[in-house]
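Listed below are the residues making up each chain.
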Amino acid sequence: MRIRRKPFGHKNNIGRKIIELRKQKGYSQKDLLTRIQLLGWNLDDAVLSKIEGQDRAIKYEEQKIIAKALNVDPDDLSSDPTAY
């Protein structure tokens, strides 16, 4: 497992929660990326990394797709106060 070298950004408040849920489910970034792409969002690995690192803003529609790929409610992604 790679350790994050860069501090988290401030462009979204769900990146840390995505990482937490992804790891809980045993998904690698590539696994999550594949699940997202199967849902119709042609996301690439660099963008997913930026979302998780909170270096890219995210629209609610995108949040819904990520939540569906993780089998959680979209609101569950932003319910963690430590994600801010």
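That block above? That's the structure.
Just so it is clear, the structure is predicted and the values come from calculations on it, not from any experiment.

## Focus on the nonpolar core
One broad rule of soluble globular proteins: the nonpolar side chains tend to lie buried together. In this structure, Ile 18, Ile 36, Ile 66, Leu 70 and Leu 77 are the most contacted members of the largest nonpolar core, which totals 18 residues. Taken together, the elements giving at least two residues each to this core come down to helix H1 (15-24), helix H2 (29-38), helix H3 (45-52) and helix H4 (60-70). For this core, the leading source of residues is H4, giving 4 residues. The residues contacting Leu 70, other than those within four sequence positions of it, are Ile 18, Leu 21, Arg 22, Lys 25, Tyr 27, Leu 32 and Leu 77.

## Thoughts on the pattern of salt bridges
Tallied over the entire structure, the rule returns 5 salt bridges. A salt bridge links Lys 6 to Asp 55; the shortest N-O distance between them is 3.3 Å. In this pair, Lys 6 sits in the segment before H1 while Asp 55 sits in the loop between H3 and H4, placing the two residues 49 residues apart along the sequence. Look at Asp 55 and you get partly exposed, because its relative accessible area is 25%.

## Points about the environment of Ile 36
Of note, Ile 36 is situated in helix H2. Note on Ile 36: relative accessible area 0%, which makes it buried. Considered as a pair, Ile 36 and Glu 62 are 26 residues apart in the sequence and their alpha carbons are 9.6 Å apart. Among all residues touching Ile 36, those that are not within four sequence positions of it are Trp 41, Leu 43, Leu 48, Ile 65, Ile 66 and Ala 69.

What counts and how
- Residues numbered from 1 in each chain as written.
- Predicted model: local features only at pLDDT ≥ 70, side-chain atom pairs only at ≥ 80, totals over all residues.
- Heavy atoms only, no water.
- Core = buried A, V, L, I, M, F, W, Y, C linked by side-chain atoms within 4.5 Å.
- Buried < 20%, exposed > 50% of the residue type's maximum accessible area, 1.4 Å probe, protein only.
- Helix = DSSP H or I, 4+ residues; strand = E, 2+ residues; numbered from the N terminus.
- Contact = heavy atoms within 4.5 Å.
- Salt bridge = Lys/Arg side-chain N within 4 Å of Asp/Glu carboxyl O.

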